[in-house]
Amino acid sequence: MTIKCLSFDLDGTLLLDESKRMDPRTVNSIQRAMAQGMHVVIASGRDKNGCKFVYEPLGLENGNHFLALVNGQIIYDFENKRI
C-alpha cells in the first residue's frame with residue numbers, strides 16, 4: 001500500500017499544546033513526506049490567518065497541499081461516510 005495523503009486536525013493532533021507549537025519531529029516528518037510527493041491536508045475551524053503559523057513554515061501553499069478550514073470532525077465524518 002502506498003500512502004498518498006497525510007491529514008491532520010490542527011488543534012486535535014498537530015499541535016503540542018495551546019502554545020501553537022508543533023513537535024519539530026512532526027514538522028520534519030511532514031516535510032519529508034511532502035518531498036516524497038505526498039499530499040498534506042490540515043483541517044481547522046480557524047480562519048486562514050489563524051493557521052498561518054502552521055501552513056507557512058510547512059510550505060503548504062507550494063504544491064498540491066490543502067488547508068481545509070472546517071472542523072476536523074467533519075473530515076472524520078466524511079471519511080466514515082456519515083456525510
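Owing to the predicted nature of the structure, the values given are computational and were not obtained by experimental measurement.

Caption draft 1: Highlighting the overall build of the chain. On a plain count of helices and strands, the chain comes out with four helices and three strands. For the chain, the N- to C-terminal ordering of α and β elements is β-α-α-β-α-β-α. Expressed as a percentage of its 83 residues, the buried residues of the chain come to 33%. Look at the contacts in the chain between residues 6 or more apart in sequence, and 66% of them connect residues 24 or more apart. Accessible surface for the chain amounts to roughly 5800 Å². Of this, 51% is attributable to carbon and sulfur atoms.

Caption draft 2: Structural context of the nonpolar core. Ranked by internal contacts, the top residues of the largest apolar core, which has 15 residues, are Leu-14, Ile-42, Val-54 and Leu-58. Of all the secondary structure elements, the ones that give two or more residues to this core are α1 (10–14), α2 (24–35), β2 (39–43) and α3 (52–58). Ignoring sequence-local partners within four residues, the contact set of Leu-58 consists of Met-22, Val-27, Ile-30, Gln-31, Met-34 and Ile-42.

Caption draft 3: View of the pairing of β2. Counted residue by residue, β2 has four buried out of five residues, so it is predominantly covered. Sheet analysis places strand β1 (residues 5–9) next to β2, joined by five bridges and oriented parallel. Considered in β2, the bridge of Leu-6 is made with Val-40. One ladder, built from three bridges, connects β2 with strand β3 (residues 66–68); its direction is parallel. Residue Ile-42 lies in a different strand from β3, and its bridge partner there is Leu-67.

About the criteria used
- Residues numbered from 1 in each chain as written.
- Predicted model: local features only at pLDDT ≥ 70, side-chain atom pairs only at ≥ 80, totals over all residues.
- Heavy atoms only, no water.
- Helix = DSSP H or I, 4+ residues; strand = E, 2+ residues; numbered from the N terminus.
- Buried < 20%, exposed > 50% of the residue type's maximum accessible area, 1.4 Å probe, protein only.
- Contact = heavy atoms within 4.5 Å.
- Areas by Shrake-Rupley, 256 points an atom, 1.4 Å probe, with all protein chains shown as cover.
- Core = buried A, V, L, I, M, F, W, Y, C linked by side-chain atoms within 4.5 Å.
- Pairing = 2+ DSSP bridges.

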